[in-house]
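The chain contents come next:
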Amino acid sequence: MTSITVHWPRVPNEHGDTMLWFGSWLVGNDGREGPSIYSGRGGDVDTYQAPDGATGLRVRRWPNEGLDAEYADLLQLDPAITISADELNFDSRQPYTHIPGVDA
């Protein structure tokens, strides 16, 4: 069974407040979101067991809570992996775009 350990860092957002994070599993081959695993302000390290059918993990962050969240998808679920959410690449086009009519 695949497990992933995620370090949810406690880092500031653009307003000097603590960044808001959200994590959820991806299921299927179209980027559909499944069960959520985390919602909080960081400072946590948790290990999660991937549910049946999980194809990846989506991590969202809100550097500016007045705007939409940024997200990064992790699609390589190895048997056991450890990541830090702030080391994911939020600045590149993701495989499953959220913009209608735009393919990744």
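Look up: the structure comes first, before these words.
Given the structure is predicted, the values throughout are model-derived calculations rather than measurements.

Asker: How should the sheet that holds strand β7 (residues 80-84) be read in this particular structure?
Answerer: Two orientations exist for strands paired in a sheet by backbone hydrogen bonds: parallel and antiparallel. The strand order across the open sheet formed by 3 strands is β4-β1-β7, and the pairing between neighbours is mixed. Each edge of the open sheet carries a strand with a single partner, namely β4 (44-49) and β7. Going from strand to strand, the sheet's axes swing by 15 degrees on average, the running direction of each strand aside. Direction of pairing for strand β1 (residues 3-8) relative to β4: antiparallel, over a ladder of 6 bridges. By the bridge assignment for β4, W8 is matched with D44.

Asker: Would you explain the nonpolar core in this entry?
Answerer: One finds I4, W8 and L57 to be the most contacted residues of the largest nonpolar core, which totals 19 residues. Taken together, the elements giving at least two residues each to this core come down to β1, β2 (20-27), β3 (32-40), β5 (54-62), β6 (70-74) and β7. Here the element with the most residues in this core is β1; it accounts for 3 residues. Excluding residues that lie within four positions of it along the chain, W8 makes contacts with W21, F22, G23, I37, Y38, G42, G43, D44, D46, Y48, V59 and A85.

The rules behind each value
Residues numbered from 1 in each chain as written. Predicted model: local features only at pLDDT ≥ 70, side-chain atom pairs only at ≥ 80, totals over all residues. Heavy atoms only, no water. Pairing = 2+ DSSP bridges. Helix = DSSP H or I, 4+ residues; strand = E, 2+ residues; numbered from the N terminus. Axes fitted to C-alpha atoms, helices over the stretch in contact; angles between N-to-C directions. Core = buried A, V, L, I, M, F, W, Y, C linked by side-chain atoms within 4.5 Å. Buried < 20%, exposed > 50% of the residue type's maximum accessible area, 1.4 Å probe, protein only. Contact = heavy atoms within 4.5 Å.

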